[in-house]
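One letter stands for each residue in the lines below.
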Amino acid sequence: METNNRPNTKAIASLVISCISVLNCCLWQLAILCAVVGIVLGIIALREENQRQKDLAVAGIVVGAVGLTLSITLVVISIMLYSEGGGVNPGTVPAGKDTVMAAFYIWGQKIFCP
């Protein structure tokens, strides 16, 4: 009975790159790229003969999916808030530190109370 003691480097890389995607979700271009690479590496690590650290591969896929979801959500919110005619009248959102909260409040009113 031979034991394979080599670590599954693709599974480790998948988790690390997926964590980078979550941490950089505000830089959506980099986050989406890292999330996709992390998910692909996780899938490749699951299909390998070396099933050691299979849980790391699954964790890399899950964290990559979370990073991808966060990034896409932030892109959609940014487009809605900052596009011209994106549903928020620029005159109704005050300038300053409460701008984002006011925009979320107005956006929530438009979605839940049409």
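Calculation criteria
Once a new chain begins, its residue numbering starts again from 1 and follows that chain's sequence as written. For this predicted model, a pLDDT threshold of at least 70 governs which residues receive local features, and a threshold of 80 or more governs which side-chain atom pairs are given and counted, while totals over whole chains, interfaces and linings are taken from all residues. Only hydrogens and water are set aside when side-chain values are computed; all heavy atoms of the structure are taken into account. What goes into a patch is any residue over 30% in relative accessible area without a salt bridge, connected to like charges within 9 Å or, for nonpolar side chains (Val, Leu, Ile, Met, Phe, Trp, Tyr), within 5 Å. Where accessible areas are quoted, they stem from the Shrake-Rupley method and a 1.4 Å probe; at the residue level, only the protein chains shown are allowed to cover. Just to be clear on terms, a salt bridge is a Lys or Arg side-chain nitrogen sitting within 4 Å of an Asp or Glu carboxyl oxygen. Only DSSP runs of H or I covering at least 4 residues are called helices, and only runs of E covering at least 2 are called strands; the numbering of each starts at the N terminus. Buried, partly exposed and exposed residues are distinguished by accessible area as a fraction of the type maximum, computed with a 1.4 Å probe on protein chains only: under 20%, between the cut-offs, and over 50%, respectively. To get an axis, fit a line to the C-alpha atoms, keeping to the stretch in contact for a helix; angles then go from 0 to 180 degrees between the N-to-C directions. Working definition: roughly parallel below 35 degrees, roughly antiparallel above 145 degrees, roughly perpendicular at 65 to 115 degrees, and oblique for all remaining angles. The handedness criterion is simple: a crossing whose near helix is rotated anticlockwise from the far helix by less than a right angle is left-handed, and one whose near helix is rotated clockwise is right-handed. Working rule for contacts: check all heavy atoms of both residues, and any pair within 4.5 Å makes them a contact. Put simply, Ala, Val, Leu, Ile, Met, Phe, Trp, Tyr, Cys and Pro go in the nonpolar bin, Asp, Glu, Lys and Arg in the charged bin, and everything else, Gly too, in the polar bin.

### Digging into a nonpolar patch on the surface
So, step 1. A surface patch of nonpolar side chains, amounting to about 340 Å² of accessible area, comprises Leu27, Leu30, Leu33 and Val37.
So, step 2. Position of Val37 among the secondary structure elements: in helix H2 (residues 28-47).
So, step 3. For Val37, a relative accessible area of 34% translates into the label partly exposed.

### Comments concerning the packing of helix H1 (residues 9-23) against H2
So, step 1. With their axes 8 Å apart at the nearest point, H1 and H2 run at an angle of 160° to one another. The angle between H1 and H2 places the two elements in the roughly antiparallel class. When you trace H1 past H2, the crossing you get is left-handed. Taken together, the residues of H2 that come into contact with H1 (itself represented by Lys10, Ala11, Ala13, Ser14, Ile17, Ser18, Ile20 and Ser21) are Ala31, Cys34, Ala35, Val37, Gly38, Ile39, Leu41, Gly42, Ile44 and Ala45.
So, step 2. For the contact of H1 with H2, a count of residues per class yields 12 nonpolar, 5 polar and 1 charged.

### Some words on the pattern of salt bridges
So, step 1. Tallied over the full model, the rule gives 1 salt bridge.
So, step 2. Measuring nitrogen to oxygen at the nearest pair gives 2.6 Å for the salt bridge that ties Lys10 to Glu48. Linking Lys10 in helix H1 with Glu48 in the loop between H2 and helix H3 (54-82), this pair joins segments that are 38 residues apart in sequence.
So, step 3. Take Glu48: its relative accessible area is 23%, and that puts it in the partly exposed class.

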